[in-house]
Amino acid sequence: MPAVMAVEGGDPDLPAKLTKQVLICSIIAAFGGLMFGYDIGISGGVTSMDDFLIEFFPAVYVRKHKAKENNYCKYDNELLQLFTSSLYLAAVVCSFFASKSCKKFGRKPTMQLASLFFFTGVVLNTAALNLPMLIVGRLCLGAGVGFGNQAVPLFISEIAPPKYRGGLNVCFQMLITVGILCANLVNYGTSRLHPWGWRVSLGGAGFPALFLGLGSLLIDETPTSLIERGHKEKGLETLKKIRGVDNVDKEYQEIVRATQLAAKMKHPFRNLMKRSSRPQLVCGTILQVFQQFTGINVIMFYAPVLFQTMGFGADASLLSAVITGSVNSLATLVAIFGVDKLGRRFLLIQAAVQMLISQCITGGILLMHLKTSNSISKHYAYILVIMICVFVSGFAWSWGPLGWLIPSEIYPLETRPAGFFFAVSTNMIFTFLIAQAFLTMLCHMRSGTFFFFSVWIVIMGLFAIFLLPETKGIPIDEMNERVWKKHWFWKRYYVDVCVEEDQEVAKPTDEKA
Ligand code: BGC
């Protein structure tokens, strides 16, 4: 670190045309999001396929088909969870190296490295003959996610004209959801192809990986990265090309200023630990913890398994996963169009209430009607699917996209990339924890699992009400002055700054805070 994110606009003079070049580069880069989403969605369907279980997890297969087996425990197997979660473990480790590679070699080679890892992972998974081959394949995919998720949002954010940056940011989430949906559809189709349907599912990840790999040969490196690495002329030339105009002096100067500022910042991580960075660090990081503790990935990873637990047949379970995947994609549109009108806090608080109600009803139905060895009646099964759709839609227009958007807009430029790295790695760590723990939780806590997530939703709702400031419409470089220093709670972190730490942050006007 730090990789420098492009300077946020706020200047009406900056050319804000969405050129063909920017559009093509963004679409190619966004295939990284599609790849990520596909990996999230594919494992649930595959781990519920009998052919796959027979080949790699015979014990789970036997348990799943034992007539009297405990409903809640039939999938409780640590190795099976490791198949899903290993990807995120690799992603945490690799996102750290990715941040170094972004700075040293640029965003473009980092994306190329991501697609190389993706490819290796896809080949190993598709051809897997044994469990180690399968897990190593997942680890390679995880490395791809780590490199991709650090480089792609940074890349899009740096080439997008400031005016379109927010929209494009949520579009990345949109592509994640499309990836999840594609995976669900593929699983639905391949579950009928015996005995190798699962190989087609895992091999399907080759398509987004191929597009990302070939596409990344065609895209331009970002001007910010070129300038940051000393290629000023090439940076200027690229800036003119992607903006489609010759008069880019203002933006060029801003990028140069930003890179110089970032270059002076020898220890961005240390700076992030200062008292004056605490409000952003706490809010940016905790939002990702909360995002995962909504319990969303229980549904994204294990929807088919979860639906089978509830007594749906194999086909119906995969179909239900397709339904939740579609709801997820469609509801993300609400965020794209609503986030700058309704505000971040409104969406987060409204969705917390909606998600709380649906989690409680789901937990309640399971508590009353799903005992250890029965199937739930059709009537209740439908209500469960509806409740899960209500939950997913709430997540999709709030904690999903905003978990990524808010950390990218609350930091001042000097600490923005380091802060964003914290958000990415926190997301991966907690995704790993949920993926690794959920099936065991379901076995031991049963319907209580859903009440566990409900408690977290209450906590995050209260956090959004009392501690999260509204950032809608605030120019990114005025966040400190207009948001943090005025917030009833967080302003206290700026009072002592004048005395103690960095004078440049605290100006005399802070006194009133
Ligand atoms: C989250 C993922 C989740 C996805 C669901 C993303 O924002 O980070 O963990 O699976 O949304 O759409």
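Quick note: structure is the one above.
Predicted model, so just to flag it, every value in this text is computed and none were measured.

1. Some remarks on the pattern of salt bridges
Thinking step 1. In the structure shown here, the tally under the stated rule is ten salt bridges.
Thinking step 2. Salt-bridge contacts for aspartate 340 lead to arginine 344; the nearest nitrogen and oxygen are separated by 3.0 Å.
Thinking step 3. The class for aspartate 340 is partly exposed, based on a relative accessible area of 48%.
Thinking step 4. Among the salt bridges present, the one from arginine 344 reaches glutamate 409, with a minimum N-O distance of 2.9 Å.

2. With respect to the site of the ligand
Thinking step 1. The environment of the ligand is made up of 13 residues, and the closest members are Gln173, Gln291, Gln292, Asn297 and Asn328.
Thinking step 2. Tryptophan 404 is positioned with one of its side-chain polar atoms (N or O) 3.1 Å from an oxygen atom of the ligand.
Thinking step 3. Elements supplying a minimum of two residues to the shell around the ligand: α7 (165-190), α14 (278-293), α15 (296-309) and α19 (399-409).
Thinking step 4. With three residues, the single largest contributor to the shell around the ligand is α7.
Thinking step 5. Among the residues making up the shell around the ligand, the classes are represented as five nonpolar, eight polar and no charged.

3. Some thoughts on the side chain of serine 85
Thinking step 1. The topology assignment puts serine 85 in helix α4 (residues 78-104).
Thinking step 2. On the accessibility criterion, serine 85 (0% relative accessible area) is buried.
Thinking step 3. Setting aside anything within four residues of it in sequence, one finds serine 85 in contact with Phe432, Ala435 and Gln436.

4. A look at the packing of aromatic side chains
Thinking step 1. In the structure shown here, the tally under the stated rule is 24 aromatic pairs.
Thinking step 2. Both rings, one in phenylalanine 52 and one in phenylalanine 83, keep their centres 5.3 Å apart while their planes meet at 50°; by these two values the pair is tilted. Residue phenylalanine 52 is located in helix α2 (residues 50-56), and its partner phenylalanine 83 is located in helix α4; the two are separated by 31 residues in the primary sequence.
Thinking step 3. For phenylalanine 83, a relative accessible area of 0% gives the class buried.
Thinking step 4. Site record: aromatic cluster; members linked through ring pairs are Phe290, Phe293, Trp399, Phe430, Phe452, Phe453, Trp456 and Phe463.

What counts, and at which threshold
- Residues numbered from 1 in each chain as written.
- Predicted model: local features only at pLDDT ≥ 70, side-chain atom pairs only at ≥ 80, totals over all residues.
- Heavy atoms only, no water.
- Salt bridge = Lys/Arg side-chain N within 4 Å of Asp/Glu carboxyl O.
- Buried < 20%, exposed > 50% of the residue type's maximum accessible area, 1.4 Å probe, protein only.
- Near = heavy atom within 4 Å.
- Polar contact = N/O pair within 3.5 Å; in protein donor to acceptor, adjacent residues only side chain to side chain.
- Helix = DSSP H or I, 4+ residues; strand = E, 2+ residues; numbered from the N terminus.
- Nonpolar A, V, L, I, M, F, W, Y, C, P; charged D, E, K, R; others polar.
- Contact = heavy atoms within 4.5 Å.
- Phe/Tyr/Trp six-rings, centres within 6.5 Å; stacked < 30°, edge-to-face > 60°.

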